Amino acid sequence: MHDLRYIRENPENFDKAMARRGLESQSASILSLDEERRAVQTKLQVLQAARNETSKKIGEIKKSGGDAQEAMDAVAALKTEMGELEERERELSNSLNQRLAGLPNIMSDEVPDGADEADNVEVRKWMPEGGEPRIGKNAAKEHYEIGEALGMMDFETAAKLSGSRFVMLSGKIARLERALAQFMLDTQTEENGYTEVSTPLMVRDETMYGTGQLPKFGEDLFKTTRGDWLIPTAEVPLTNIVAQEIVDEVTLPRRYTAFTPCFRSEAGSAGKDTRGMLRQHQFYKVEMVSVTKPEDSVAEHERMTGCAEGILQKLELPYRVVTLCSGDTGFGATKTYDIEVWLPGQDTYREISSCSNCGDFQARRMNARYKPEGEKKTQFLHTLNGSGLAVGRTLIAVLENYYDPADGGVFVPEVLKPYMGGVEKIVK
RNA sequence: GGACAGAUGGCAGAGCGGUUGAAUGCACCGGUCUUGAAAACCGGCAAGGGUUUAUAGCCCUUCCAGGGUUCGAAUCCCUGUCUGUCCGCCA
């Protein structure tokens, strides 16, 4: 949600910001709505003041036993006039809010211009000790080839139960998924100071609105028969923890993490990544969410990205970090880093984490505030979210990077061994 | 699912339909006292919006949400949401 006052004071900046999102000028029509609404509001308030005063007088007259009929008639006249203005005010407010709710966040100046993911800018690259992926190009296999050959990754049975874009894991690969989740959660809580939260997976409209999935992106979500939504990411429940709150400054920054399933209907993405478990209707993810004071969010963004990278480093998986360009940056973000892991089977880097600073955009929608020490006014918080990491995709990366062409098995990364009951290698 | 009870400021908790935006207590901030602190005492302390150069004044709105009754609603009525208690069902 946008700050009307900002648009009033910086209309040309606002239009420029929206232009970077590929939108035509917005400020003129927004401001004319705003102006009309304020005019109506002011007029209405004058009448309300008159009504209040006269009503008070009526009370006094009646108390002293006088005849208040004249004053009562005056109020009745005011009321008919007020009714129309109230109606108009409601209409104007609604259309103004709808307009604002549908507009994306203003991006940071650091976001490079660009049309799509091809224009994202690489920030850094990381390789484990040795400087090269352990699997050469010729020996590499895609994760589904590896998993199916091991007999522990079954798309057909999943399709029988649920249709396309589902998978069924079994045996050591199923355990590997659990091990990864456990390992990530332990790292985020014990080393990075995130508080583990177990959240609801079904949420209301307002909650989805708060983080920006609604009203525009309902198509990408699953809706239940009772009318609420399955979360597409734990960002939604975690961020909304502070919705409607005026939080105590000393509790900031707040850092939450959760391990949850994520449900995405991914409408419109048919045909993309159809093989394998790269793009599914359901997957597990460990999510990080930070809530900070405005002045701290930029630093927090770097920190959070580092927390996500730490997981890959411990797993010794090669990756790179890119800054998303203007055309690829999500609706609510001021700036986003994607972390892309090396997938030997695809001979390319693929997104495994996305870390976004949303500034006060979500906080405005959620009305999440704090009161700075010594100040009278409340301020909107800043919110950030990042994957730490997408478990399904990390599983893919482990399978492909730790694949042993000699026997078709998969080595268990060192840090996961304690979580795998001592298993060193997954074999048929 | 059935039957009750409730939802008020950061928290707790009052509130005959008419200076109640709201008593009181706690918390918090400032002051007096004190060598310092505590205690005691005094004062301040909701949010959003309009108007405005103004975070000054003035005004409007808000006591879960949305409707309604009324000249006037925190107070009365209806609907919804949430919470609690009892019963039923159940992993």
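Being a predicted model, the structure only gives us computed values, none of them experimental. (Residues numbered from 1 in each chain as written. Chains lettered and ligands numbered in written order. Predicted model: local features only at pLDDT ≥ 70, side-chain atom pairs only at ≥ 80, totals over all residues. Heavy atoms only, no water.)

### Overview of the domain arrangement of chain A
On domain assignment, one finds that chain A holds domain 1 (4-101) and domain 2 (117-426). Computed over C-alpha atoms, the centres of domain 1 and domain 2 are 44 Å apart. (Domains from an automatic or database assignment.)

### Looking at the sheet that holds strand β13 (residues 369-370)
On the basis of which strands lie adjacent, the open sheet formed by three strands has the order β7-β13-β14 and mixed pairing. Since the sheet does not close on itself, it has two edges, and those belong to β7 (246-247) and β14 (379-380), each with one partner. In this structure, β13 lies alongside β14, joined through two bridges in antiparallel fashion. Looking across to β14, one finds that Y370 is bridged to Q379. (Pairing = 2+ DSSP bridges. Helix = DSSP H or I, 4+ residues; strand = E, 2+ residues; numbered from the N terminus.)

### A word on the packing of aromatic side chains
Per the counting criterion, the structure on display carries six aromatic pairs. With a centroid separation of 5.6 Å and 20 degrees between ring planes, the pair formed by W126 and Y319 is classed as stacked. Of this pair, W126 sits in strand β1 (residues 121-126) while Y319 sits in strand β10 (residues 319-323); the two residues are 193 residues apart in sequence, bridging distant segments of the chain. Given the relative accessible area of 1%, Y319 is considered buried. Judged by centre distance (6.2 Å) and plane angle (65 degrees), the rings of F183 and Y419 are edge-to-face. (Phe/Tyr/Trp six-rings, centres within 6.5 Å; stacked < 30°, edge-to-face > 60°. Buried < 20%, exposed > 50% of the residue type's maximum accessible area, 1.4 Å probe, protein only.)

### What about the sheet that holds β10?
If you walk across this open sheet you meet the eight strands as β1-β10-β11-β12-β15-β9-β8-β4, and the pairing is mixed. Whereas interior strands pair on both sides, the edge strands pair on one side only; in this sheet they are β1 and β4 (195-196). Relative to strand β15 (residues 382-390), strand β9 (residues 282-292) runs antiparallel, the two sharing seven bridges. Bridge assignment links T292 to a residue of β15, and that residue is H382. On the sheet, helix α10 (residues 297-314) packs against β1, β8 (254-263), β9, β10, β11 (335-343), β12 (348-357) and β15 and is oriented at approximately 5 degrees with respect to β15. (Contact = heavy atoms within 4.5 Å. Axes fitted to C-alpha atoms, helices over the stretch in contact; angles between N-to-C directions.)

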